[in-house]
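Report on the structure
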Amino acid sequence: MIRAPLNLPGLVAGQQPTPVAFSTQSEAILGQINPDLAALLRRVEARMPDSFEISPSTLRTPEQQAEFVAQGKSQTMNSPHLTSNAVDIYAEGPNGQPNWDFEAYRPIADAAKAEAAAMGLGDFVWGGDWKTLKDGVH
């Protein structure tokens with residue numbers, strides 16, 4: 001599905017915004033998370049078209065979260081994933097497969113931080129900035 005983001009800063013009157021194209025799977029997830037977070041992700045995708053998708057691990061049940069904690073992929077049962085206030089993404093590599101290189105996420109995170117600030121979302125935090133368990137995809 002192609003969507004046009006709304007209210008992008010710097011958009012000249014009459015100029016068309018960059019189309020936002022997420023996969024069907026990502027669009028379904030975006031429809032289930034915090035609307036402000038979904039809007040932020042659409043704005044980031046508009047700045048960096050086709051650079052990332054939303055991971056299915058974004059939406060978690062308490063049982064799934066407990067499994068992530070047991071595997072060392074998370075450190076808390078009080079995760080914002082349980083309340084649809086966090087997302088995991090994956091950057092797409094040149095071969096269309098996920099790119100798990102931490103540095104591949106830094107430009108996406110920088111764009112997300114800038115958009116979050118422009119939207120007044122002062123509580124946005126990139127997992128790569130955490131003090132422990134640095135998580136570039138979060």
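If you're wondering where the values come from, they're calculated on a predicted model, not measured in any experiment. (Residues numbered from 1 in each chain as written. Predicted model: local features only at pLDDT ≥ 70, side-chain atom pairs only at ≥ 80, totals over all residues. Heavy atoms only, no water.)

Approximately 490 Å³ is the volume found for the largest pocket. Of all the elements in the fold, those that place two or more residues in the lining of the largest pocket are α2 (35–47) and α4 (106–119). Here the lining of the largest pocket gets 5 residues from one element, more than from any other, and that element is α2. For the lining of the largest pocket, the per-class residue count stands at 18 nonpolar, 4 polar and 2 charged. What the second largest pocket holds in volume is close to 300 Å³. The wall of the second largest pocket is formed by 20 residues, among which Arg60, Lys73, His81, Asp135 and His138 lie closest to the centre. Here the lining of the second largest pocket is built from residues that sort into 7 nonpolar, 9 polar and 4 charged. (1 Å grid on protein atoms, 1.4 Å probe; cavity = no way out; pocket = protein on both sides within 12 Å on 5 of 7 lines; lining within 4 Å. Points joined across faces, edges and corners; volume = space filled by probe spheres on them. Helix = DSSP H or I, 4+ residues; strand = E, 2+ residues; numbered from the N terminus. Nonpolar A, V, L, I, M, F, W, Y, C, P; charged D, E, K, R; others polar.)

Among the secondary structure elements, Ser84 is positioned in the loop between α3 (62–70) and β4 (89–92). Taking the relative accessible area as the measure of exposure, Ser84 reaches 19% and is therefore buried. Leaving out residues up to four positions away in the same chain, Ser84 has contacts with Gln32, Ile33, Asn34, Leu37 and Leu59. (Buried < 20%, exposed > 50% of the residue type's maximum accessible area, 1.4 Å probe, protein only. Contact = heavy atoms within 4.5 Å.)

With 13 residues, α2 extends 19 Å between its outermost C-alpha atoms, agreeing within 8% with the 18 Å of an ideal straight helix rising 1.5 Å per residue. Taken together, the buried positions of α2 are Leu37, Ala38, Leu40, Leu41, Arg42, Arg43, Val44, Glu45 and Ala46. Looking at where α2 begins, the residue whose side-chain oxygen comes 2.7 Å from the main-chain nitrogen of Asp36 is Asn34. (Expected span 1.5 Å × (residues − 1). Polar contact = N/O pair within 3.5 Å; in protein donor to acceptor, adjacent residues only side chain to side chain.)

Let us look at the pairing of β4. Pairing of strand β3 (residues 52–54) with β4 involves 3 bridges; the strand directions are antiparallel. Paired with Phe52 across the bridge in β4 is Ala91. Taken together, the 2 bridges between β4 and strand β5 (residues 98–99) define a ladder with antiparallel strand orientation. Bridge pairing links Glu92 to Pro98 in β5. Linking β4 back to β5 in an antiparallel pair, the connection comprises 5 residues, with Gly96 at a positive phi of about 85 degrees. (Pairing = 2+ DSSP bridges.)

So, on to the environment of Ala66. Examined against the element boundaries, Ala66 turns out to sit in helix α3. For Ala66, a relative accessible area of 37% puts it in the partly exposed group. Distance from Ala66 to Thr76, taken between C-alpha atoms, is 8.3 Å for residues 10 residues apart in sequence.

What the 3 strands build is an open sheet, ordered β3-β4-β5; its pairing is antiparallel. Each edge of the sheet is formed by a strand with only one pairing partner; in this case those strands are β3 and β5.

Our focus in this paragraph is the packing of aromatic side chains. For the structure shown, the criterion picks out 3 aromatic pairs. Where Tyr90 meets Trp100, the ring centres are 6.5 Å apart and the plane angle is 50 degrees; that geometry is what we call tilted. Taken together, the residues Tyr90 in strand β4 and Trp100 in the loop between β5 and α4 connect sequence positions 10 residues apart. You can call Trp100 exposed: its relative accessible area is 57%. Centroid distance Phe102 to Trp126: 5.5 Å. Interplanar angle 35 degrees. Geometry classified as tilted. (Phe/Tyr/Trp six-rings, centres within 6.5 Å; stacked < 30°, edge-to-face > 60°.)

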